[in-house]
Amino acid sequence: MSQATKRKHVVKEVMEDYVVPTEQQQIVRVLGTPGNNLHEVETGDGKKFLVSMPTKFRKNIWIKRGDFLIVDPIEEGEKVKAEITFILYKDHMRYLKKEGYWPERFSVDSAGGAAGDKDRDLSTDCKASPLCEESGSEEEGEDDSDLFVNTNRANYEYSESEDSEEESEEEKEN
């Protein structure tokens, strides 16, 4: 099987199949990527460990911080305790929530907080921004929830203090 054909089948399997974790498998969230196809993950119980990416996913599917996975445990693992079985996308997460398999901890985290950045509704942020008003993107029925949000970057909010405003006014007068 050629590399292109293999990639096509792997991507099709990940994007179209809806799976439910077995009793041994568990749903985890990616915390980071130390390298060598290893990923640091956190379970619904709060346990943290490393998981390995099987060769069929390497260079075909990309995983970043904040993504959710289904993993199979490895019995002989000391540091690497599981192997990635399936990568979950938004449609998969909705399906698992509807079926009742989604861990309660991840539901609470995605409602607000650092982990919720991925599922955050961007339309509310856009309403506060003057740039969005100028571009006219506040049309009815427009849904920005499927836009890509880079979870690997910290979100900073900048605000000027009153002291700096007074100083800048004084500098303009002089």
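- As annotated in an unreviewed UniProt entry, the chain carries the name Probable RNA-binding protein EIF1AD and is attributed to Pleurodeles waltl.
- In the Sequence similarities (unreviewed entry) part of its UniProt record, the chain is described as follows: "Belongs to the EIF1AD family."

**Section: the environment of Glu99**
Turning to step 1, where the next piece is worked out: Of note, Glu99 is situated in helix 2 (residues 90–99).
Turning to step 2, where the next piece is worked out: Looking at Glu99, the relative accessible area reads 40%, which means it is partly exposed.
Turning to step 3, where the next piece is worked out: Each C-alpha atom, one on Glu99 and one on Val20, is 8.6 Å from the other, the two residues being 79 residues apart in sequence.

**Focus on the sheet that holds strand 3 (residues 48–52)**
Turning to step 1, where the next piece is worked out: Around the barrel, five strands lie side by side as 1-2-3-5-4; this closed barrel has mixed pairing. Averaged over all adjacent pairs, the angle separating strand axes in this sheet is 55 degrees, with direction ignored.
Turning to step 2, where the next piece is worked out: As judged from the four bridges shared by strand 1 (residues 26–35) and strand 4 (residues 68–73), these two strands associate in the antiparallel manner. Note on strand 4: the bridge partner recorded for Arg29 is Phe68.

**Section: the environment of Arg94**
Turning to step 1, where the next piece is worked out: As for its placement among the helices and strands, Arg94 is situated in helix 2.
Turning to step 2, where the next piece is worked out: Given a relative accessible area of 52%, Arg94 falls into the exposed group.
Turning to step 3, where the next piece is worked out: One polar contact links Arg94 to Asp91, side chain to side chain, over a distance of 2.9 Å.

**Some words on the confidence of the model for the chain**
Turning to step 1, where the next piece is worked out: In the predicted model, the chain carries a mean pLDDT of 77, and 68% of its residues have values of at least 70.
Turning to step 2, where the next piece is worked out: Segment residues 112–139: pLDDT under 50, and 25 contacts once partners within four positions in sequence are set aside and those in other chains are kept.

**Points about unusual backbone geometry**
Turning to step 1, where the next piece is worked out: Unusually for a residue other than glycine, Asn37 sits at a positive phi of about 55 degrees.
Turning to step 2, where the next piece is worked out: Position of Asn37 relative to the elements: it lies in the loop between strand 1 and strand 2 (38–43).
Turning to step 3, where the next piece is worked out: Judged by relative accessible area, Asn37 falls into the partly exposed class, the value being 33%.
Turning to step 4, where the next piece is worked out: Phi at Lys59 is positive, roughly 60 degrees, even though this residue is not glycine.
Turning to step 5, where the next piece is worked out: Inspection of the secondary structure assignment puts Lys59 in the loop between strand 3 and strand 4.
Turning to step 6, where the next piece is worked out: Note on Lys59: relative accessible area 67%, which makes it exposed.

**Notes on the side chain of Glu42**
Turning to step 1, where the next piece is worked out: Inspection of the secondary structure puts Glu42 in strand 2.
Turning to step 2, where the next piece is worked out: For Glu42, a relative accessible area of 5% corresponds to the buried category.
Turning to step 3, where the next piece is worked out: At 2.8 Å, the side chain of Glu42 forms a polar contact with the side chain of Arg29.
Turning to step 4, where the next piece is worked out: Looking at Glu42, its side chain comes within polar contact range of the side chain of Arg105, at 2.5 Å.

**Regarding helix 2**
Turning to step 1, where the next piece is worked out: His92, Met93 and Leu96 are the residues of helix 2 that are buried. Down the axis of helix 2, the sector holding all buried residues measures 100 degrees, keeping them to one side. When the buried face of helix 2 is taken as reference, the exposed residues oriented beyond 90 degrees from it are Arg94 and Lys98.
Turning to step 2, where the next piece is worked out: The inward-facing, buried residues of helix 2 abut helix 1 (3–16), strand 1, strand 4 and strand 5 (80–88).
Turning to step 3, where the next piece is worked out: Following helix 2 by one or two positions, Gly100 has its phi on the positive side, about 90 degrees.

Each value, and the rule that gives it
Residues numbered from 1 in each chain as written. Predicted model: local features only at pLDDT ≥ 70, side-chain atom pairs only at ≥ 80, totals over all residues. Heavy atoms only, no water. UniProt positions renumbered as here; feature names shortened; annotations may be inferred. Helix = DSSP H or I, 4+ residues; strand = E, 2+ residues; numbered from the N terminus. Buried < 20%, exposed > 50% of the residue type's maximum accessible area, 1.4 Å probe, protein only. Pairing = 2+ DSSP bridges. Axes fitted to C-alpha atoms, helices over the stretch in contact; angles between N-to-C directions. Polar contact = N/O pair within 3.5 Å; in protein donor to acceptor, adjacent residues only side chain to side chain. pLDDT = per-residue confidence, 0-100. Contact = heavy atoms within 4.5 Å. Arc of directions from axis to C-beta.

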